[in-house]
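One letter stands for each residue in the lines below.
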Amino acid sequence: MFNESNYQNLYKLKNILRKGWLDNKLPSFGLRCESDAEHIFSTMFMALNIIENKNLKLDKNKVLFMLLVHEVGECEVGDITPFDGITVEQKHELENKAVYNFSKQHNMPEIYSTWCEFEKRLTPEAKFCYAMDKLDAVMQAKIYSGKMGRDELFNQFYKNSLDRVENFSDFNFVFENNQKLFNVKQYEDLYKLKTIERSGWLKRKVNENGTRVESDAEHIFSAMFMAVNIISNKNLNLDRDKVLKMLLFHEVGEVAVGDITPFDGVTVAEKHELEKVAVNNFAQKHNMPEVYSSWCEFEEKLTPEAKFCFAIDKLDAVMQAKMYDEKLGTRNLFTDFYNYEQKRLSDFSEFEFLFNKKNEVSTQKPKK
């Protein structure tokens, strides 16, 4: 389970920086450059928000999974933009092969079929996901433009994206150039999760040699993907869609209170109350009561899905520690995180197999 090669290509999406921002020299303005994983996270959350608030007749679960996997080809080929001298057809063929390889490696043929549906853009869900992919870039450009004090970036991305969705009349409304949609205040708290760096890594100073520090959004992405992969490959009797949403929502309290660790002098009860208020406020602001109810279920850890999500939350931290150790040439992070997180799962015997250090893990189904 802790052979990093199992998920090494997946974790690359946390370190592949979006080329559109690099081409516009975002780092020179002192701004954190968005990664593929962070982009995937915000497209998923914004898509769910728009479906619910606009009462769109779409399969929400299909949309979430499609957006979760829509960039996996970039693990192998990188982020190819329209300005890289590669035709649309060439880009498609490169990514088609990469996604096929990825789906075989992770034993999830659904990834490839879903990506193909996204690329063909024939179904309502695929058209909507394509529009969300472009909308997220425009919204991120708007936020970056505000921080840079210039509108050129927003204007450039808005025009390019609008031209590319002009044939999707059903979803043109998402690109209405009005203050309501492109008011940064609407989504700025959501986008904060792309810039909140995980305290555990900062305290361990993994960034001292220039290593990129994982953000909340990147952690959420890898936890979601790892969860669906394990559910599928271990045939776990769990509601996958419920798990996806629970992991998508489980860190939103940190928008207001930050990443509080067990070593910050805040009790577990105090942390819970702070985050509870923050999540409730977030859910009300975005008119998404499911965010709050799902977060409460995660915190209570009584249902099989909540217990599994809690275990995955911890497993992702251990796996990331393993990745950092490989990069930094140490073993300290993995050992410390593994021992600490394993103790926190002592009451969840049905998911202890996730923390088996051997490559072969049990296929026993957790009982409901």
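You'll find the structure just up there.
Residues numbered from 1 in each chain as written. Predicted model: local features only at pLDDT ≥ 70, side-chain atom pairs only at ≥ 80, totals over all residues. Heavy atoms only, no water.

A.B. asks: I'd like a rundown of the packing of helix α4 (residues 60-69) against helix α13 (residues 240-249), residues and numbers included.
C.D. replies: At a minimum axis distance of 10 Å, the contact between α4 and α13 shows a crossing angle of 60°. When the axes of α4 and α13 are compared, the crossing they make is left-handed. For the pair α4 and α13, the contacting residues are K60, N61, L64, F65 and L68 in the first and R240, D241, L244, K245 and L248 in the second. Considering only residue class, the contact of α4 with α13 consists of five nonpolar, one polar and four charged. (Axes fitted to C-alpha atoms, helices over the stretch in contact; angles between N-to-C directions. Helix = DSSP H or I, 4+ residues; strand = E, 2+ residues; numbered from the N terminus. Left-handed = near helix turned anticlockwise from the far one by under 90°. Contact = heavy atoms within 4.5 Å. Nonpolar A, V, L, I, M, F, W, Y, C, P; charged D, E, K, R; others polar.)

A.B. asks: So what about the packing of aromatic side chains? Which residues, and what values?
C.D. replies: Under the defined criterion, the tally for this structure stands at 15 aromatic pairs. Between the aromatic rings of Y100 and Y112, the centroid separation amounts to 5.4 Å while the plane-to-plane angle is 80°, which identifies the pairing as edge-to-face. One end of the pair, Y100, is in helix α6 (residues 88-105); the other, Y112, is in helix α7 (residues 109-120), and 12 residues separate them in sequence. Its relative accessible area of 40% is what places Y100 among the partly exposed residues. Between F221 and F225, the aromatic rings sit 6.4 Å apart at their centres with planes inclined by 50°, giving tilted as the arrangement. Of this pair, F221 and F225 both sit in helix α12 (residues 216-233), four residues apart, roughly one helical turn. Note on F221: relative accessible area 0%, which makes it buried. The class of F225 is buried, set by a relative accessible area of 0%. Three or more aromatic residues joined by ring pairs form one cluster here, namely F41, F45, F249 and F282. (Phe/Tyr/Trp six-rings, centres within 6.5 Å; stacked < 30°, edge-to-face > 60°. Buried < 20%, exposed > 50% of the residue type's maximum accessible area, 1.4 Å probe, protein only.)

A.B. asks: Can you lay out the pattern of salt bridges for me, pointing to particular residues and giving the numbers?
C.D. replies: Applying the stated criterion to the full structure yields 28 salt bridges. K14 is paired through a salt bridge with E214; the nearest N and O atoms lie 2.5 Å apart. Here K14 is found in the loop between α1 (8-11) and α2 (19-23), whereas its partner E214 is found in the loop between α11 (199-203) and α12, with 200 residues between them in sequence. Take K14: its relative accessible area is 3%, and that puts it in the buried class. Across the pair R344 and E341 runs a salt bridge whose closest N-O atoms are separated by 3.4 Å. With a gap of three residues between them, R344 and E341 both fall in helix α18 (residues 332-344), about one helical turn apart. (Salt bridge = Lys/Arg side-chain N within 4 Å of Asp/Glu carboxyl O.)

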